[in-house]
Each structure stands twice: as C-alpha cells, then as structure tokens.
Amino acid sequence: LELITGGSASTMTITVFDKDNKLICKLDDDSALLGSFPIDNGHTLHVEDQTRTAGEFENTAAVEKYELTPEEYSKKSDTVQAYLKRNKLGKYNEEEMAALAKAKEDQEKEDENRISSKGIAEGARCQVSVAGQMERRGTVRYVGKPDFQPGWWVGVQYDEPVGKNDGSVNGKRYFTCPAKYGGFVRPNNLEVGDFPEEDLDLSDGEM
C-alpha cells in the first residue's frame, strides 16, 4: 500500500468496504494477520494518511500557477484564439461582426421609431402581448435602454400581479411598483391605447 498510496504504513488508517459501500471492518490491529479479517474479493480498502495537513490539497492559493499575460497569450500559435484568427471565426470575422453590428443598429432604430410613432410614453395605458402568454394590461412606467439587456425596453406596471419584479432588475431601479406587478418588454410586444383595467380571476376556483 505504501507503493500505491505514497503514504507511510505507520500513519495509515485502513477501512474495508464491500461492493455496496457498506462498512465491513477496520484494519486497526497491527499484530493480526490479514486472513483474520472478513475480507473478500471485490472489497475496497479505503486508506487515509494521517500525516496530511487539513486543507493541504484543498487550498491552492500557494500553488505556483502557469499564467500568461494577454499579450503573451496572443503571440502563441497553438491556442483557441490563434485558431479563430486563422480561420476568421467569431469575433475575428470582420464581415460577420460588421453585419451583426449593422443588424443591431437597425433594430434599435426600428424600435426607437416604433416608440415614437406608437406614442409609447410613461403614463400611457397599454396592453402587452407576448407569444405563448396571456395578454396583460398595465401602465407604461419606463422607456429607455436599461443595463440588463441591449436595445430599447419598456417597463410596465401591470394591473394584476402577473409580472416578474418591482421595477428593479439586478439591483438597479427603473421605476417603482409592488412586487410581481412590474415587467419589461420589447416595444414590439406592447400596444398603447384605451385599455381600461380588467378584473382578472386569478383564484383557483375555490373559496
């Protein structure tokens, strides 16, 4: 076991488990022969070296690491970055990145025009329609470009607790409303107009 584990026999504690990981015995009598223990084929010997320091192998702060600066990494030829550059993939494909940037810019302009032409403004009554979800009514409380996602978003205070937040996302507040009454949607998922409050039955049908 010294050759296998690298530990010293004088500091080992050995426990025997069966095929179902059930404890069979401990080999704690140095004067006993191995045959005197109920050990069979397929049993597992669990060896612990008592000389190791607690946390010795868990704490890697003192372990010397191989590190490269961004400049050194970019000079190597056998890295993922080098492969992407050679094959003009991902962000190293200038045409693709330019097309993505153009599409993003066009989408933002389209959303901005929709906001202006549809009269989407704070205080306006609205109806939100998202595919796969029930239509919800509420009041526009925020229009702008938030930090949590790129592009234009509209913050809505719903008439019922059918939202996801209280007007704040990731610790930043964009408007204030009760919990579960707030939500953010893309401009194309919202229509403003004469949408009075509706009485939604959110009960389970029981009294």
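Structure's up top.
(A) Looking closely at the packing of aromatic side chains. In this structure the tally under the stated criterion is seven aromatic pairs. When the centroid spacing of 5.6 Å and the interplanar angle of 65 degrees are considered together, the rings of Phe148 and Trp153 count as edge-to-face. Note on Phe175 and Phe184: the rings are 5.5 Å apart at their centroids and 50 degrees apart in plane angle, and the pair reads as tilted. Here Phe175 falls in the buried class, since its relative accessible area comes to 7%. Taken together, the aromatic side chains of Tyr142, Phe148, Trp153, Tyr174, Phe175 and Phe184 make up a single cluster linked through ring pairs.

(B) A look at the sheet that holds strand E3 (residues 44-49). If you walk across this open sheet you meet the three strands as E2-E1-E3, and the pairing is antiparallel. Here the strands that pair on one side only, and so sit at the sheet edges, are strand E2 (23-26) and E3. Mean inter-strand twist for the sheet, computed between neighbouring axes without regard to direction, equals 25 degrees. Bridge analysis of strand E1 (residues 12-17) against E3 gives six bridges, and the strand direction is antiparallel. If you follow Thr15 over to E3, its bridge partner there is His46.

(C) Up close: the sheet that holds strand E6 (residues 153-158). Here we have five strands laid out as an open sheet, ordered E9-E6-E5-E4-E10, and antiparallel in their pairing. One side of each edge strand has no neighbouring strand; the edge strands of this open sheet are strand E9 (182-185) and strand E10 (190-192). Neighbour-to-neighbour, the strand axes of the sheet open up by a mean angle of 40 degrees, direction not taken into account. Strand direction decides the pairing type here: strand E4 (residues 125-128) and E10, joined by three bridges, are antiparallel. Paired with Gln127 across the bridge in E10 is Glu191.

(D) Focus on the nonpolar core. Judged by nonpolar contacts, the single largest core of 13 residues is most densely connected at Val140, Val154, Val156, Val185, Leu190 and Val192. For this core, the secondary-structure elements that each account for two or more residues are E4, E6 and E10. If you tally residues by element for this core, the top one is E6, at three residues. In this structure Val185 touches Val128, Trp153, Val154, Val156, Tyr158 and Leu190, once residues within four positions along its chain are discounted. With eight residues, the next largest nonpolar core counts Trp153, Val169, Tyr174 and Phe175 among its residues.

(E) Representation of a nonpolar patch on the surface. Nonpolar side chains collect at one region of the surface, where Leu1, Leu3, Ile4, Leu34, Ile39 and Leu45 lie side by side and expose about 660 Å² of accessible area between them. Within the secondary structure, Leu45 sits in strand E3.

(F) Examining the side chain of Glu108 more closely. You can see Glu108 is positioned in helix H4 (residues 94-117). Within polar-contact distance, the side chain of Glu108 engages the side chain of Lys145 at 3.0 Å. Leaving out residues up to four positions away in the same chain, Glu108 has contacts with Lys145, Gly151 and Trp152.

(G) Geometry of the pairing of E2. Relative to E2, E1 is paired through three bridges, and the arrangement is antiparallel. Within E2, the position partnered with Thr15 by the bridge is Lys26.

Definitions and cut-offs
Residues numbered from 1 in each chain as written. Predicted model: local features only at pLDDT ≥ 70, side-chain atom pairs only at ≥ 80, totals over all residues. Heavy atoms only, no water. Phe/Tyr/Trp six-rings, centres within 6.5 Å; stacked < 30°, edge-to-face > 60°. Buried < 20%, exposed > 50% of the residue type's maximum accessible area, 1.4 Å probe, protein only. Pairing = 2+ DSSP bridges. Helix = DSSP H or I, 4+ residues; strand = E, 2+ residues; numbered from the N terminus. Axes fitted to C-alpha atoms, helices over the stretch in contact; angles between N-to-C directions. Core = buried A, V, L, I, M, F, W, Y, C linked by side-chain atoms within 4.5 Å. Contact = heavy atoms within 4.5 Å. Patch = residues over 30% accessible without salt bridge, like charges linked within 9 Å, V, L, I, M, F, W, Y side chains within 5 Å. Areas by Shrake-Rupley, 256 points an atom, 1.4 Å probe, with all protein chains shown as cover. Salt bridge = Lys/Arg side-chain N within 4 Å of Asp/Glu carboxyl O. Polar contact = N/O pair within 3.5 Å; in protein donor to acceptor, adjacent residues only side chain to side chain.

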